[in-house]
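# Secondary and tertiary structure notes
If you want the building blocks of each chain, they are given just below.
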Amino acid sequence: MLETYTAGPELHVLPSELPIPDLGLQPVNAYLLRGEEPMLVDSGMPVDRAAFEEALWSLVDPEDLRWVAITHDDRDHTGSLTRILDRAPGAKVITNAISLTRLSEEFRIPRERVVTVNPGSRMSIGDRRLTFLRPPTFDSPGTLALFDHKDGTLFSSDSFGTVLPKTVQHIGDAQVKEFFEGFDILNRAISPWTALVADQKFHRTVRGVSSLSAARLLSAHGPTVEGAMVDALMEAMSRIPSLPQWLPGADIDLEAVLDAHGASSA
Ligand SMILES: [Fe+2]
Ligand SMILES: [Fe+2]
């Protein structure tokens, strides 16, 4: 867990980082959006539980927290979920029904404390209007991004993330080349199926996200992105399906094994 910082008005980042061998550090951020009805977007990693909750409750009174949006069920988004619900009696979970089913494999969440939404759903939380959508890349079928119309902030879940030699708070503090190299890796790593999709279909999704004209793009796995750089990330995302499949390192090289047995097709 790293020091919290702000990414915009009434918008706090609860940052951490996950070392990825041979690649660098993957940022892992949850976000607290204050307002008439404060909302937490994702809930940290299990390894950070104590520090995450200490940071969260220093930013918002448990009695005031109204919403916990869980963009999907992965562990790096759900670390403190049930402990937060126990501590904040007025808070409800917003998530997709598929994510809720998958969460129930590990957590017992009372149904009356959940609101389920789909891509295309809209809801108001106090002075904010939210639209939910499917981000272009994702690694769990219930994944949702959230768009806050009041401030023009897009919370994109895993999508639009990166891996960096050193995590930074704002994209302006990263080397552009390093940011986009990490971007190309992370977005393919979480969505290996992008190598299989038709470019036009993928581009339509990216155009839909781009049409929101977000002033600020906040990935769970990236620094704060604002202004013209939002468009640069949309362009970079459009190129993802045209890139070759990305695979992590492996101790066993299949081609070498086949060669050793004289069975390679080469
Ligand atoms: Fe994920
Ligand atoms: Fe994630």
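It should be noted that the structure appears before, not after, this text.
The text that follows walks through the structure, step by step, so that each part is easy to find. Here the structure is a predicted model, which means the values were calculated and not measured.

## Considerations on the overall build of the chain
When its secondary structure is counted, the chain shows 8 helices and 13 strands. Its C-alpha radius of gyration of 19 Å places the chain within 12% of the 18 Å reference for a compact globule of 266 residues. Of the contacts formed within the chain by residues at least 6 apart in sequence, a portion of 62% connects residues at least 24 apart.

## As for the pairing of strand 8 (residues 122-125)
Pairing of strand 8 with strand 9 (residues 128-133), which is carried by 4 bridges, proceeds in the antiparallel orientation. In the strand pairing of strand 9, methionine 123 is matched with leucine 130. From the end of strand 8 to the start of strand 9, which pair antiparallel, there are 2 residues, and glycine 126 there has a positive phi angle of about 60°.

## Re helix 5 (residues 176-190)
With 15 residues, helix 5 ought to run about 21 Å at 1.5 Å a step, and its terminal C-alpha atoms sit 21 Å apart, in line with that. Turning to helix 5, its buried residues are Phe179, Gly182, Phe183, Ile185, Leu186, Asn187, Arg188 and Ile190. Contact partners of the buried residues in helix 5: strand 3 (24-33) and helix 7 (228-239).

## Considerations on the nonpolar core
Judged by nonpolar contacts, the single largest core of 56 residues is most densely connected at Tyr31, Leu40, Val41, Val68, Ala69, Leu146 and Leu217. Examining the composition of this core, we find that 5 residues originate from one element, helix 5, more than from any other.

## Things to note about the sheet that holds strand 8
An order of 8-9-10-11-12-13 is seen for the 6 strands of this open sheet, with the pairing classed as mixed. At either end of the open sheet lies a strand with only one pairing partner, and these are strand 8 and strand 13 (225-226). Relative to strand 13, strand 12 (residues 216-218) is paired through 2 bridges, and the arrangement is antiparallel. Note on strand 13: the bridge partner recorded for arginine 216 is glutamate 226.

## Here's the deal with unusual backbone geometry
With phi around 70°, aspartate 22 is a residue other than glycine that occupies positive phi space. Residue placement: aspartate 22 occurs in the loop between strand 2 (11-20) and strand 3. The backbone of phenylalanine 160 shows a phi angle near 70°, a positive value even though the residue is not glycine. Tracing the chain through its elements places phenylalanine 160 in the loop between strand 11 (153-155) and helix 5. Assessed through the 27 C-beta atoms surrounding it within 10 Å, phenylalanine 160 is described here as buried.

## Considerations on the environment of histidine 149
Here histidine 149 shows up in the loop between strand 10 (145-148) and strand 11. For the pair formed by histidine 149 and arginine 128, sequence separation is 21 residues and the distance between their alpha carbons is 6.8 Å.

## Describing helix 6 (residues 199-210)
An α-helical turn contains 3.6 residues, so a residue and the one three or four places further along point in the same direction. With 12 residues, helix 6 should cover 16 Å at 1.5 Å per step; its first-to-last C-alpha distance of 16 Å lies within 8% of that length. Buried residues along helix 6 sit in contact with strand 9 and helix 7.

## Considering the sheet that holds strand 4 (residues 39-41)
Reading across the sheet, the 7 strands line up as 1-2-3-4-5-6-7 and stay open at both edges, with mixed pairing between neighbours. Single-partner strands in this sheet number two, and they are strand 1 (5-8) and strand 7 (114-116). The sheet shows a mean angle of 30° between the axes of neighbouring strands, taken without regard to direction. Pairing analysis gives 10 bridges linking strand 2 to strand 3, with the strands arranged antiparallel.

## Some words on the pairing of strand 1
Two faces, one strand: in a regular strand the side chains alternate between the faces of the sheet. The sheet contact formed by strand 1 and strand 2 spans 3 bridges and is antiparallel. Across the sheet, threonine 6 pairs through a bridge with histidine 12, a residue of strand 2. Hairpin connection from strand 1 to strand 2: 2 residues lie between these consecutive antiparallel strands, with glutamate 10 at a positive phi of about 55°.

## Topic: the environment of proline 15
Relative to the helices and strands, proline 15 resides in strand 2. Residue proline 15 is classed as buried on the basis of its C-beta count, with 22 C-beta atoms lying within 10 Å. Those residues in contact with proline 15 that lie beyond four places of it in its chain are Leu2, Pro27 and Asn29.

## Thoughts on the environment of threonine 224
Here threonine 224 shows up in the loop between strand 12 and strand 13. Residues contacting threonine 224, with those up to four places away along its chain left out, are Ala7, Gln169, His170, Ile171, Arg216 and Leu218.

## Side note on the packing of helix 6 against helix 7
The contact between helix 6 and helix 7 brings their axes to 9 Å, and the two run at 170°. Between helix 6 and helix 7, the angle falls in the class roughly antiparallel. Of the residues in helix 7, those in contact with His203, Val206, Val209 and Ser210 of helix 6 are Met234, Met237 and Ser238. Considering only residue class, the contact of helix 6 with helix 7 consists of 4 nonpolar, 3 polar and no charged.

What counts and how
Throughout this description, residue numbers start from 1 for each chain and increase along the sequence as written. The order in which chains are written sets their letters, starting at A; the order in which ligands are written sets their numbers, starting at 1. Predicted model: local features are reported for residues with pLDDT of at least 70 only, side-chain atom pairs are reported and counted for 80 or more only, and whole-chain, interface and lining totals are derived from all residues. Every helix listed is a DSSP run of H or I at least four residues long, and every strand listed is a run of E at least two residues long, numbered separately from the N terminus. Our radius of gyration is a C-alpha quantity, and the globule rule it is checked against amounts to 2.2 Å times the number of residues to the power 0.38. In this description, a residue-residue contact is defined by the distance between C-beta atoms placed from the backbone, which must lie within 7 Å. Pairing between two strands requires that DSSP report at least two bridges joining them. The span you would expect from a helix comes to 1.5 Å times its residue count less one. Burial is judged by counting the other C-beta atoms within 10 Å of a residue's own C-beta: 20 or more makes it buried, 12 or fewer makes it exposed, and any count in between marks it as partly exposed, with every C-beta position built from the backbone. Think of a nonpolar core as buried Ala, Val, Leu, Ile, Met, Phe, Trp, Tyr and Cys residues chained together by C-beta atoms that fall within 7 Å. In this description, a line fitted to the C-alpha atoms serves as the axis of each element, helices being fitted only across the stretch in contact, and the angle between N-to-C directions of two axes falls anywhere from 0 to 180 degrees. Should an angle fall under 35 degrees it is called roughly parallel, over 145 degrees roughly antiparallel, and 65 to 115 degrees roughly perpendicular, with every other angle called oblique. Under this grouping Gly is polar, as are all residues other than the nonpolar Ala, Val, Leu, Ile, Met, Phe, Trp, Tyr, Cys and Pro and the charged Asp, Glu, Lys and Arg.

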